[in-house]
Structures are given as structure tokens and as C-alpha cells.
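Reading the structure
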Amino acid sequence: MSELDTIGFGLVIIAAAVGGAAILTWFERRLLGVWQDRYGPNRLGPFGVLQVAADMIKLLTKHDWVPPFADRAVFVFAPTAIVVAMLLGFAVVPFGPDLYILDINIGLLFFLGMTSLAVYSVLLGGLASNNKYALLGGLRSAAQMVSYEVFMGLSLMGVVMLTGSFNLRAIVEAQRDLWYCIPQCLGLFTFLIAGIAESHRLPFDLPEAEHELTAGFHTEYGGMKFAMFMLGEYLGLLLISCMITTLFFGGWLGPWLPPIVWFCLKVFVLICFFILLRAAIPRPRYDQLMALGWKVMLPLTLLNLLATGAIALLLEGA
Amino acid sequence: MLSSLTSQLRTIWTILQHSFTKAETVQYPEQMPYLAPRYRGRIVLTKDPDGEERCVACNLCAVACPVDCIALQQAVKEDGRWYPEFFRINFSRCIMCGMCEEACPTNAIQLTPDFEMCEYDRSNMVYEKEHLQIDGTGKYHDYNFYRVSGLAIKGKDKGQASNEAPPIDVKSLLP
């Protein structure tokens, strides 16, 4: 692709990601409604889809207020950071054999780096708000990041071992015979949980836990700044779904249908699964979350790593 | 650990099964919810089977009302019947508790299954007698207070009510 094409495609991806995240806010509410035996927003437009527009108008016309006790510069910077980091993460996702923005040989590391950067946004937002609930939310976010980042990276090393590359396109191509969700099922399980924790989705939304911390790290945020945090969260959900598709479910690979359709279909199913988790599972206590991370998930990941390495060596020797 | 994992998986499965159940929601303005006949909503004043107003202005409802939203003034008609000169319920205070209905000795004041009484102006929530009075008998079709009470009115003397014997003349020796 030429330089201009890449820029154009990048803009398309940004528009699709942001638009998708906006639609997701409505879709999630409808789907939660289905699973909780109610309707959700169904009034405005066909199936209530214009609810997105109504929400947007409401958020845009709200007073864009910065509390006088907050650290102004950081307070304004924090919500932007999460959106920027998450959107940058989309740069390495291969949507099809020729549909990608960046084809770098450390694509996976780039993705991990960007999701880690997004955590700073939550942390800084909590710190800059100068509010005890926000601070507690930021604190939890930091601790959650430390414990879940560790095995998030490690859980992907099995995939990297099998492929022998950090390049996401190479990883997808290597799954032509068998999707990695079968040989790497443990890796998939741990990455799934780490992914939910990383994007602060329920049941791991302890940084905002509205029952205990009012709204956690975004207690003091309103209007468009709050919308940016929400956008970041939904972008994170999209990004994690894209990455799971790429790494474990064969990315764009699939018979009959064009590659991009397969990719979108898989991402859609994964998003539905994430929403199902939100509908079904209650939020764990904070110490339970930490215990799960360090006592169960990390050993499982290491076990997976060890087994994958041993089998890979055996196969190579044979 | 394992049992908690299976519990979580079972939860997910149960929720997934709810994809095929119908929503419980009643879509209110288009779809009216069922309200029981004895639902406690808007208050009305009823008339007896003969078309006379039942209220005898005894003030028991006003006394029973825990929020003091009922005001009325008693008056007497030429034929001896009692009636309220005015009868006023301030629905912005009313809590629809139904105490007035229970206190009423003549079944005049009754609560109906109607709750749609929003107003833009608070003063419109004050209902006068002409707003409260209905032509029907409400929930009790055959009851007529003056037909069963011992009170003498024009055209019905003491002892002429139904289930009532003529008064005994205590000063007479006749059986």
C-alpha cells in the first residue's frame, strides 16, 4: 500500500472503531436486556439505535467542568490518553490479508505496550481528580494492572512459540491448519481473563465499582471527558476482541466468505461473549481478584508455557 | 476452586438460556398494565342506587386521612338528608392509602384503579366535589344508607327502614 492509501485506511479504521464503540453502547444495553428479560433502549429509531445519537447530544451539551481542586492539566489529559492508546492498538491488527495499517515484526509487543499505556489514563484520572473515591479507583487500577499484565503477556508466549514470530500476520497465517484456540486453550483462557481485566470490563471493573466507589476513577468526570473514558473502555473491548480473534481464532481465515467478513463475524461473537460475562457474573471482591491473578492464573500460564515449550522441542527433535 | 468455576459456568449457561425467554416488561403507554379492581388510585364519590349522593358529610374520612388532604363542610337538605356543602381532596398530598374508604360508613368515598392524574399546575391537583362525584354506585351496587339507617327523613319515618321494626313505645303497657 502507498503512503496515502495507508493514511486513508487508517482514517477508515479510526472511524469504524469509534463508530463501532458508539454503536456498542446501544448494542450492549439491548443484549443485556435480552438476557435479563427486559427490552433495553427500544424507543428512538429502529430498535432504539438512535439512542446513541441522543446520548451523544446529551454528553456534548453538558457543562464541561473541571473541579477547582483537581490537577487541571493531568485531569484534561487523562481521558484523551486512553482513547489515543486504544486507537493506536488498532494499527497492528490485521483485518485481512492486505488490510492492515502497520505490518511490524513486533506487532504483538506493540499491542501489549499500548494496552499498558491505557492503564496510565485511568491511574492519572484517579490521581488528578483529588477525590478519595477516584484515588481508590486509580489505586485499584494500578494494582490490577500490575497483577494481570504479568500473565497477559506470558499467556501469549505460547502462541509466539508455536509461530516463531511476533508478527500478527505471520501468526494468522500459521493458523491455516489449526486455530490456536485448540493447542493453546489454556493460553486462550488466561488471555481472555487478562483481557477483561485490562479493559476494566465487568466482572473485573473494580476501578469503577459503582456500588463501593460511586464511580471510581471517573467520579469527578462529566460531559465529553467522561464520554472519552467510556469510548476508551468500549474501544478496549473491541481491541481485545480483535486480538483474541487474531491470536486464537484464525483472524480473517475461513471458507467461502471474504476475509474481512470472517474477521468481523468472529469479533462480533467474542463481543457477545464479553457482554454475556457482564450479564452473568458478579464482581469479585478485591482480594479475590488479586488471589485469582497471582495464585491461579499466573501458575496456569507458566504451566501452559512450560508444556508448549516442551512439546514444541519434542516435535522439533522428532 | 473447581466448584466455584462450575458455578460460574452454570450461571453463564443459565443466562444464555434467557435468550429465548420473553421480556417481562410492560411497555406502559402503549400497553396498559393490569390493575386489580380494588387497586387504590383516584378517589371518587359515588351515588346510591336511587341516584342520590351517598356522602352524608360525617367527616370520618377527613379524620382518618393521615395526611389531612380531605376537607368538607356538612349541610342539611330540606328533606332531612345530610350532604357535603363542599368536598375537596388535595391529590398532591393524597398518598392513596385507602383509609378514607375504610372509614366511610356509607360506602360513598371509594378508590378506583386509575392512576393517570398528572398535571402541569399543582393547583389543578385539588379536586372539588364536581370533579369527585360520579353517577354510578362504584363497587357496592345495592347499598343505600338511608334505606337501612334509623334516621328519619322526609318520606321515611323511624322504624320504616328495611330490617327495622317500628320503635317500641316504652310508656305503653300493651304487648
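Whatever comes next refers back to the structure up there.
Notes on the structure in this doc start here.

Before going further, it helps to spend a moment on the interface of chain A and chain B. With 9 residues of chain A at the interface, the matching set in chain B holds 11 residues. Broken down by secondary-structure element, the contributors of at least two residues to the side of chain A that touches chain B are α1 (3-35) and α9 (259-280) of chain A. Looking at the side of chain A that touches chain B element by element, the count peaks at 3 residues for α9 of chain A. Across the side of chain A that touches chain B, the residue classes break down as 7 nonpolar, no polar and 2 charged.

It is worth spelling out the pairing of strand β3 (residues 82-90) of chain B at this point. All names here are of chain B. Here strand β2 (residues 70-76) runs beside β3; their pairing, made up of 7 bridges, is antiparallel. Along β3, the bridge assignment pairs Leu 72 with Phe 87. A loop of 5 residues connects β2 with β3, the two strands running antiparallel in sequence, and Gly 80 in this loop sits at a positive phi of about 100 degrees. Two elements, β3 and strand β5 (residues 126-127), share 2 bridges in a ladder whose sense is antiparallel. What sits directly across from Asn 90, in β5, is Val 126.

With phi around 60 degrees, Phe 47 of chain A is a residue other than glycine that occupies positive phi space. Structurally, Phe 47 of chain A is set in the loop between α1 and α2 (51-60). If you check the backbone angles, Asp 68 of chain B has positive phi at about 55 degrees while not being a glycine. Its place among the elements puts Asp 68 of chain B in the loop between α2 (60-64) and β2.

What follows covers the nonpolar core. Ranked by size, the top nonpolar core spans 88 residues in total, and within it Ile 82 and Leu 235 of chain A carry the most contacts. Broken down by element, the residue count for this core peaks at 16 residues, all from helix α8 (residues 223-248) of chain A. Leu 235 of chain A has contacts with Ala 17, Ala 21, Val 83, Met 86 and Leu 87 of chain A, leaving out every residue within four places of it along the chain. Core analysis: the second largest hydrophobic core is formed by 21 residues, Cys 55, Ala 57, Ala 108 and Phe 145 of chain B among them.

Rules and cut-offs
By convention here, each chain's residues receive numbers from 1 onward along its written sequence. Chains carry letters and ligands carry numbers; both start at the beginning, A for chains and 1 for ligands, and go up in the order they are written. In keeping with the predicted nature of the model, local features appear solely for residues at pLDDT of at least 70, side-chain atom pairs appear and are counted solely at 80 or more, and the whole-chain, interface and lining totals rest on all residues. Note that contacts rest on C-beta atoms placed from the backbone: two residues are in contact if these are within 7 Å. Secondary structure elements follow DSSP: runs of H or I no shorter than four residues count as helices, runs of E no shorter than two count as strands, and numbering proceeds from the N terminus. Note on residue categories: nonpolar means Ala, Val, Leu, Ile, Met, Phe, Trp, Tyr, Cys or Pro, charged means Asp, Glu, Lys or Arg, and polar means any other residue, Gly included. Here, strands pair whenever DSSP counts at least two bridges between them. Here, a nonpolar core means buried Ala, Val, Leu, Ile, Met, Phe, Trp, Tyr and Cys residues linked by C-beta atoms lying within 7 Å of one another. Counting other C-beta atoms within 10 Å of a residue's own tells you its class, since 20 or more makes it buried, 12 or fewer makes it exposed, and anything in between is partly exposed; those C-beta atoms are placed from the backbone.

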